[in-house]
Amino acid sequence: MNGSREPEAGSRSRIKIFRWKAVGPLLVLLVIGVVLWWIFADTIARHQSEQVGTQILGAKVEIQRLHLDLRHGKVMLYGLTVASPHEALRNLMQADELVADVDVLPLTEKKLVINRIAANGLRFGTARETDGRVAAKSDGGDGIAGRVMAETREWANQFKVPALQLATGKISIDSLDPRRLSTLPAAEALGARADSSRKAWQTSFEGLQLGPTIDSANATLEKLKHARATDIAALNEGRQAITRLKRAGDRVTALERNVKTGVAGLQSGLAGLDSAKRRDYAFARSLLKLPSLDAPSVGSALFAPGAIRPFERVLYYAQLARRYMPPGLLPRAATGPQRVRRAGEDIRFPKEKALPAFLLRSAELSFLLHPNSEQPQRYAGHLTGLTSDPALYGRPTSLGATGPLLAAGAMLNHVREIPVDTAGATLGGIRLPAFDVPGVPLHLDPGSGTTQLGFNLNGDTIHARFVIRSSNVTWARDSGFANSQIGGLIWSAISGISNLDLEARISGALHNPDLAVRSNLDQAIATRLRAVLGAQVAAAEKQVHDRVDALVNQRIAAARTQVTQIETQAQAQIAQQRGKLDELQKQLEQRLREMTGGIRLP
Amino acid sequence: MFAIIKLIQSLFGALHSEGTPGQLAAGIVLGSFLGLTPLINIHNAVILAALILLNVSFAGGMLGWALFVPIGFLLDPLFDWIGHHLLLAESLRGFWTSAYNTPIVPLTNFNNTVVLGSLVFAILFAVPLFFATRLGVVRYRATIGERVRQSKFYKTVMASKAYNVYKMFRP
């Protein structure tokens, strides 16, 4: 080919640099390349568009047909399907036809500037047969969409709302072990204490030695009855007897005081038995398997896990927008194109007064809701200023859609350093998706209703509100739940509620916002559950009270009787002896007054 | 299997061609660009055109390509790292920004970390590769080249039909 057959050293200076013969084949190769491009350009562009769209959105983007008409600056897409990044078998949107007017010149700078897109036959939320999620299945690994998906999922998981613990079994009572009741040992201890007190009092009473004193006083009284008034010794003996009686009375008084204190202690012990019985009631009640109604908020417990989802999804799109449409003019990286080799990162270098890498100046959207119904609803929307470099475009991205039952708008203002993303939508007359109520095996179908969404992400501060209103709510329960007692009770409490007014709010710093969920069902469910369960709970509680009573009442009565008997016996003994002492003292004093004629002798 | 036979054929074909060691080394260097950098890029079209138009060993180019494809895969993390540092270097930002906003240049995908990193690496690697390859070919031809040419193995390999295809592009 080089024709050099001379010795190498001698021919080095004459070696030709170019193979002119290869120009022909090279041109042929070039022509083949052009022809292949002409044949396969649409297919390549379609594959590339699908690939880039899938990468950006984190969900499969499928295009049935794409036609490039660069001579007229037009790109036509037919049968566009964008899967939902969050739901496995649902599409985010479908479009029958999209026609884009493209600026051809920026393509030489690898920039895509679309002056206008007209989209027809848009449909939202349609079903699909295969799982179209990509980012959700990547476990946060690959690409910007995967990372954003993982971040938003983690963000949503921070809202740990305690679930309403409604057991699905019957109300039942565990076996009541008498050894775990506190009344029985308390009654036993009280009985022992009473017996001990009785013995102590008896000992003290015997220690008073009232018998000799009384006998001595009786003897003195007999002597005085026969003594004369001048018998000084008898008089003195009488006075001494009175003094001994008084001292004996004082000892009786001290014993009486002691008995009263002891009786008060025993009475306190009896009251302690009542307290112990109440504790046993509480313990026995704790053995009941009752549904808990102690969740901080019934509404939060029931609806927060579901209510957080719309926020999570809107935040996903907002964060994607922030990643792909960052403010400022600094170089920015994005995941490179998919290929067998490592994708690497594509770094973009925006330049002042230059065109952005991507710009969609205007898009007009028209779509039908309920296209198969007799009166399909026609909607129209617009999108302006969607760009990869908001600082270059200089205006925020805005989106709006209006229709008979729809008003929606969004603005992504990434022009300045702190991005502000705002969105709001009210959609009425649509069939809201049914969902399972967490914590209880109930299925809530809101039916047709109205939803409202307000979303504002200002820098790292979020304020968002999500509302669902419906007046024809229907409830369903699973078969296993239907057979349980609790299931029946909850079902009777909830099935009668036909209105739904649910509002969820999020506010605060994005990394740790506050979530508040309120609904008309909160109070209704709680009240009706308590009302319905009240009778059941009362019956169950009476049952456990009866069990406790059967075990402890006999012991309490025995202790009470014992205490009462001891108290009565001790008081009777004291009263009897005191009466004897008082009577003797009275008779002695009377006789001394008779003997002395009322004159007080020294 | 066919690829291995073809590779061996390319290797022997190039080593025993009438081309000079310099032509063979230049071909391998150009082929290394195809192997080290991601293939579907404009600079590789230029490399391919150069391989066809310049009077270098086309077989050497194919050999270089085949040899350096696996090396390219292995070194991709290194290329990514090089490209990342180059593209985000503060001192080069003005240059990259100008290049990025110049027509046609962005179509080279220079702003991809792996493309730029591998291209820079291939360029820097080209000079030592050229001289090392040329020296190796000279030594080979001077020492065991003739004995290999006379071996049965060589004759068997070169007798296959694939060799005829190669001969269409021999230098």
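Check the secondary structure of chain B and you find nine helices and zero strands. Its helices and strands in sequence order give chain B the pattern α-α-α-α-α-α-α-α-α, from N to C terminus. Here the analysis covers contacts within chain B between residues at least 6 apart in sequence; of these, 79% occur between residues at least 24 apart. Split by element, the accessible area of chain B, about 8,300 Å² in all, is 76% carbon and sulfur.

Summing up its helical and strand segments, chain A has eleven helices and 18 strands in all. Here chain A holds 602 residues, and the buried ones make up 40% of them. For chain A, the accessible surface area stands at approximately 32,000 Å², while carbon and sulfur atoms represent 55% of it.

The subject of this paragraph is the interface of chain A and chain B. Opposite the 38 residues of chain A that make contact, chain B presents 47 residues. Here chain A packs against chain B, burying approximately 3,600 Å² in sum over the two surfaces, 55% of which is carbon and sulfur. The largest per-residue losses of area from chain A upon contact with chain B belong to R19(A), R341(A) and F349(A), which jointly make up 24% of the total buried on that side. The tally of links between chain A and chain B comes to two salt bridges. Between D76(B) and R341(A) there is a salt bridge whose closest N-O contact spans 2.8 Å.

All names here are of chain A. Considering all chains together, one arrives at one cavity of 30 Å³ or more under this definition. Size it by volume and the largest cavity reaches roughly 80 Å³. Taken together, R198, W201, Q202, F205, L255, V259, I566, Q569, A570, Q573 and I574 make up the lining of the largest cavity. For the lining of the largest cavity, the secondary structure elements donating two or more residues are α4 (183–207), α6 (232–286) and α11 (520–596). Examining the composition of the lining of the largest cavity, we find that five residues originate from one element, α11, more than from any other. Residues of the lining of the largest cavity, tallied by class, amount to seven nonpolar, three polar and one charged.

Our focus in this paragraph is the sheet that holds strand β13 (residues 442–445) of chain A. Residues and elements named next belong to chain A. The antiparallel open sheet is built from three strands, whose spatial order is β12-β13-β16. Two strands close off the open sheet at either side, each with one partner strand: β12 (435–437) and β16 (474–477). Ignoring strand direction, the axes of neighbouring strands in this sheet form an average angle of 35°. Bridge count between β13 and β16: four bridges; the pairing is antiparallel.

Here we take up the environment of D231(A). For D231(A), the location among the structural elements is in the loop between α5 (210–226) and α6. Note: C-alpha distance between D231(A) and M595(A) (364 residues apart in sequence) is 9.3 Å.

Our focus in this paragraph is the pattern of salt bridges. All names here are of chain A. With the rule as written, the count across this model stands at 31 salt bridges over all chains. The salt bridge partner of D96 is R123, with a shortest N-O separation of 2.8 Å. Taken together, the residues span a long stretch of sequence, with D96 in strand β3 (residues 91–103) and R123 in strand β4 (residues 112–124) at a distance of 27 residues. We classify D96 as partly exposed; its relative accessible area is 41%.

Residue and element names in this part refer to chain B. Within the secondary structure layout, A59 lies in helix α4 (residues 58–87). By relative accessible area, which is 3% here, A59 ends up buried. It is 5.8 Å that separates the C-alpha atoms of A59 and S10, two residues lying 49 residues apart in sequence.

Below, the discussion takes up the confidence of the model for chain A. Residue and element names in this part refer to chain A. Mean pLDDT over chain A: 83, with 84% of residues reaching 70 or higher. Confidence over residues 1–11 falls short of pLDDT 50; this stretch has 15 contacts with residues more than four positions distant or in other chains. Segment residues 166–170 is flagged for pLDDT under 50; beyond a separation of four residues in sequence, or across chains, it makes 16 contacts in the model.

All right, on to the packing of α5(A) against α6(A) then. Residues and elements named next belong to chain A. Remark: α5 packs on α6, axes separated minimally by 9 Å, with the N-to-C direction vectors making an angle of 155°. The pairing of α5 with α6 is recorded here as roughly antiparallel in orientation. Both α5 and α6 take part in a crossing whose hand is left-handed. Here α5 contributes L210, T213, S216, A217, T220, K223 and L224 to the contact with α6, which in turn contributes A234, L235, E237, G238, A241, R244, L245, A248, R251 and V252.

So, about a nonpolar patch on the surface. Taken together, the side chains of V28(A), V31(A), I32(A), V35(A), L36(A), W37(A), W38(A), I39(A), F40(A) and I44(A) make up a nonpolar region of the molecular surface, amounting to roughly 1,000 Å² of accessible area. A residue is classified by how much of its surface remains accessible, and V35(A), at 37% relative accessible area, is partly exposed.

Residues and elements named next belong to chain A. One ladder, built from ten bridges, connects strand β14 (residues 448–458) with strand β15 (residues 461–470); its direction is antiparallel. If you follow T450 over to β15, its bridge partner there is R469. Where β14 folds back on β15, the antiparallel hairpin that results is connected by two residues, among which G459 adopts a positive phi of roughly 60°.

For any pair of aromatic rings, the description consists of the separation of the ring centres together with the inter-plane angle of the planes. Summed over the entire model, instances satisfying the criterion amount to eleven aromatic pairs over all chains. Consider the rings of F18(A) and W20(A), whose centres lie 5.1 Å apart with planes at 35°: the pair is tilted. Among the residues examined, F18(A) registers a relative accessible area of 38% and is labelled partly exposed. Considering the side-chain rings of W155(A) and F159(A), the 5.2 Å spacing of their centres and the 80° angle between planes classify their relative orientation as edge-to-face. A single burial state applies to W155(A) and to F159(A), both of which are buried. Among the aromatic residues, those joined into a cluster by ring pairs are F68(B), F79(B), F121(B) and F125(B). We note R341(A) situated over the ring of F73(B); from NZ or CZ to the ring centre the distance is 5.4 Å.

In this section: the environment of L184(A). Its place among the elements puts L184(A) in helix α4. Between the C-alpha atoms of L184(A) and N553(A), which are 369 residues apart in sequence, the distance is 9.1 Å.

Here we come to the confidence of the model for chain B. Here chain B shows a mean pLDDT of 87. Residues at 70 or above account for 91%. For this predicted complex, the interface confidence comes out at an ipTM of 0.84, alongside a pTM of 0.66.

Residue and element names in this part refer to chain A. Counted at 1.5 Å a residue, the expected span for α4 with its 25 residues is 36 Å, and the 36 Å between its end C-alpha atoms agrees. Within the sequence span of α4, burial applies to T183, L184, A187, L190, G191, A194, S197, W201 and F205. In the stretch just after α4, Q209 is the one whose phi turns positive, near 50°.

Bringing unusual backbone geometry into the picture now. The residue K110(A) is not glycine, and still its phi comes out positive at about 60°. Under the relative-accessibility criterion, K110(A) is labelled partly exposed at 36%. Notably, I104(B) is not glycine yet its phi reads approximately 75°, a positive angle. Here I104(B) lies in the loop between α5 (93–100) and α6 (113–142). For I104(B), a relative accessible area of 48% corresponds to the partly exposed category.

This part takes up the side chain of D346(A). In this structure, D346(A) sits in strand β6 (residues 345–348). Buried charge without a salt bridge: D346(A), with K110(A) as the nearest opposite-charge side chain at an N-O distance of 5.0 Å. At 2.7 Å, the side chain of D346(A) forms a polar contact with the side chain of N112(B). Residues within four places of D346(A) in sequence aside, it is in contact with R332(A), A333(A), A334(A), T335(A), G336(A), P337(A), N111(B) and N112(B).

What counts as what
Residues numbered from 1 in each chain as written. Chains lettered and ligands numbered in written order. Predicted model: local features only at pLDDT ≥ 70, side-chain atom pairs only at ≥ 80, totals over all residues. Heavy atoms only, no water. Helix = DSSP H or I, 4+ residues; strand = E, 2+ residues; numbered from the N terminus. Contact = heavy atoms within 4.5 Å. Areas by Shrake-Rupley, 256 points an atom, 1.4 Å probe, with all protein chains shown as cover. Buried < 20%, exposed > 50% of the residue type's maximum accessible area, 1.4 Å probe, protein only. Buried area = accessible area lost by both parts, 1.4 Å probe. Salt bridge = Lys/Arg side-chain N within 4 Å of Asp/Glu carboxyl O. 1 Å grid on protein atoms, 1.4 Å probe; cavity = no way out; pocket = protein on both sides within 12 Å on 5 of 7 lines; lining within 4 Å. Points joined across faces, edges and corners; volume = space filled by probe spheres on them. Nonpolar A, V, L, I, M, F, W, Y, C, P; charged D, E, K, R; others polar. Pairing = 2+ DSSP bridges. Axes fitted to C-alpha atoms, helices over the stretch in contact; angles between N-to-C directions. pLDDT = per-residue confidence, 0-100. Parallel < 35°, antiparallel > 145°, perpendicular 65-115°, else oblique. Left-handed = near helix turned anticlockwise from the far one by under 90°. Patch = residues over 30% accessible without salt bridge, like charges linked within 9 Å, V, L, I, M, F, W, Y side chains within 5 Å. Phe/Tyr/Trp six-rings, centres within 6.5 Å; stacked < 30°, edge-to-face > 60°. Lys NZ or Arg CZ within 6 Å of the ring centre and 35° of its normal. Expected span 1.5 Å × (residues − 1). Lys, Arg positive; Asp, Glu negative; His and termini not counted. Polar contact = N/O pair within 3.5 Å; in protein donor to acceptor, adjacent residues only side chain to side chain.

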